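Residue-level listing of the chains:
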Amino acid sequence: MLHILNGDATATVFAESGLPGERLVWRDILIEGPVATGDATPASLAGRAAWLADRLAIDREDYVRCAREQAARLAAAREHDEVVLWFEQDLLCAANLWLLLDWLARHAPATRLALVYPETNEIRGLGAREPAQLAALFVERVPVTEAMGALGRQAWAAYAGSDPLAHVPLVAREAADLPFVREAFRCHEGRFPSVANGLNEVETTALAALRRGPRDFDELFREVSGHPRVRRHGMGDRQFAAYLRRLTPLVTVAGDDMMTAELAITRLGRDVVAGERDWCEIQPLDTWLGGVHLRGDRPRWRWDGARGRLVTAPA
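In what follows, the accompanying structure is described. All values derive from a computational prediction rather than experimental measurement. (Residues numbered from 1 in each chain as written. Predicted model: local features only at pLDDT ≥ 70, side-chain atom pairs only at ≥ 80, totals over all residues. Heavy atoms only, no water.)

1. With respect to the environment of Thr204
You can see Thr204 is positioned in helix 9 (residues 201-211). Considered as a pair, Thr204 and Pro193 are eleven residues apart in the sequence and their alpha carbons are 9.8 Å apart. Apart from residues lying up to four places away in sequence, Thr204 is in contact with Asn197, Leu199 and Arg229. (Helix = DSSP H or I, 4+ residues; strand = E, 2+ residues; numbered from the N terminus. Contact = heavy atoms within 4.5 Å.)

Spelled out as structure tokens, the structure:
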């Protein structure tokens, strides 16, 4: 039996659970940087590593080494009688789960799959539970049916593809076979620049908090990551620090290290939040959202919060 776990915090608790089987800790951050359908190539892996190193200060060589080790361990999945996938219902976990369902269907189609997929709770995520609770979740694991696997593969194809509207037919119907597909894509859409001011939902939430007064990094991260619009992104502090670095000159940073600094909003930041200036025109985009590369000061797609959908922006 092979357990694929959603990060080191879960792995630490899992080690004390007494559950049998081998463990593979899945550490990739597929909601950041370029991704693509199909298997990774040396070129795509190098490109992804370079992007993450530049934006998230992740060591490039360590990332490539870890990715290759993960791939090698995953390739051995077909040797196990059962693979249990341990993830949570947030965007970060959903993207990883979809990729794994796609890969396992293509490379280990005869392997029996099971899923532990509790609703995300900001206090009791998998890594914050007791070992006995993980053991109980294991007993309640759900077999991955053909319909669940198919929906996961379709979700990954839509997420990793270059058309940001490819998921619309997929979520138009209730995704009962695999929880959180519709809500995950709603989180994903909110990461596109807003029609109102060019900010995405994470940036908007951070600046709105700073409008109420300066915050140190930890305080701001807790407030933003716990906000109803942002909580189910599954965003980590390293990702949030990358968002804030990009937001200068909309914020001031008092300190040499972003993750220990005090932050405040600037006058320009207030103008952007109010919709008086467009952030994309001030700071042209160069970012990846799934398989979509947004570049320049006139992004083709924007998030329309009032209508609750992505829209094609005027040329």
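2. Some details on helix 4 (residues 91-107)
Its 17 residues place the ends of helix 4 24 Å apart at the C-alpha level, agreeing with the 24 Å of an ideal helix rising 1.5 Å per residue. Judged by how many residues are buried, helix 4 sits mostly within the fold: 14 of 17 residues are covered. A side-chain oxygen of the first residue of helix 4 lies 3.2 Å from the backbone nitrogen of Leu92; this N-cap is Asp90. (Expected span 1.5 Å × (residues − 1). Buried < 20%, exposed > 50% of the residue type's maximum accessible area, 1.4 Å probe, protein only. Polar contact = N/O pair within 3.5 Å; in protein donor to acceptor, adjacent residues only side chain to side chain.)

3. Topic: the side chain of Glu32
Along the polypeptide, Glu32 turns up in the loop between strand 2 (22-25) and helix 2 (42-56). The buried charged residue Glu32 lacks any salt bridge, with Arg191 as its nearest oppositely charged partner at 4.7 Å. Within the local environment of Glu32, its side chain forms a polar contact with the side chain of Gln239, the two groups lying 3.1 Å apart. Leaving out residues up to four positions away in the same chain, Glu32 has contacts with Arg48, Trp51, Leu52, Leu56, Gln239 and Tyr243. (Lys, Arg positive; Asp, Glu negative; His and termini not counted. Salt bridge = Lys/Arg side-chain N within 4 Å of Asp/Glu carboxyl O.)

4. Some words on empty space enclosed by the protein
One simple way to see leftover space: roll a probe sized like a water molecule over the atoms. Under the counting rule described, the total for this entry stands at one cavity of 30 Å³ or more. Quantified by volume, the largest cavity comes out at close to 30 Å³. Every residue lining the largest cavity is listed: Ala158, Tyr159, Asp163, Pro164, His167, Phe185, His188 and Val292. Listing elements by their share of the lining of the largest cavity, those giving two or more residues are helix 6 (146-160) and helix 8 (181-189). Within the lining of the largest cavity, the residues separate by chemical class into five nonpolar, two polar and one charged. (1 Å grid on protein atoms, 1.4 Å probe; cavity = no way out; pocket = protein on both sides within 12 Å on 5 of 7 lines; lining within 4 Å. Points joined across faces, edges and corners; volume = space filled by probe spheres on them. Nonpolar A, V, L, I, M, F, W, Y, C, P; charged D, E, K, R; others polar.)

Remember, this is a structural readout, not a statement about activity or role.
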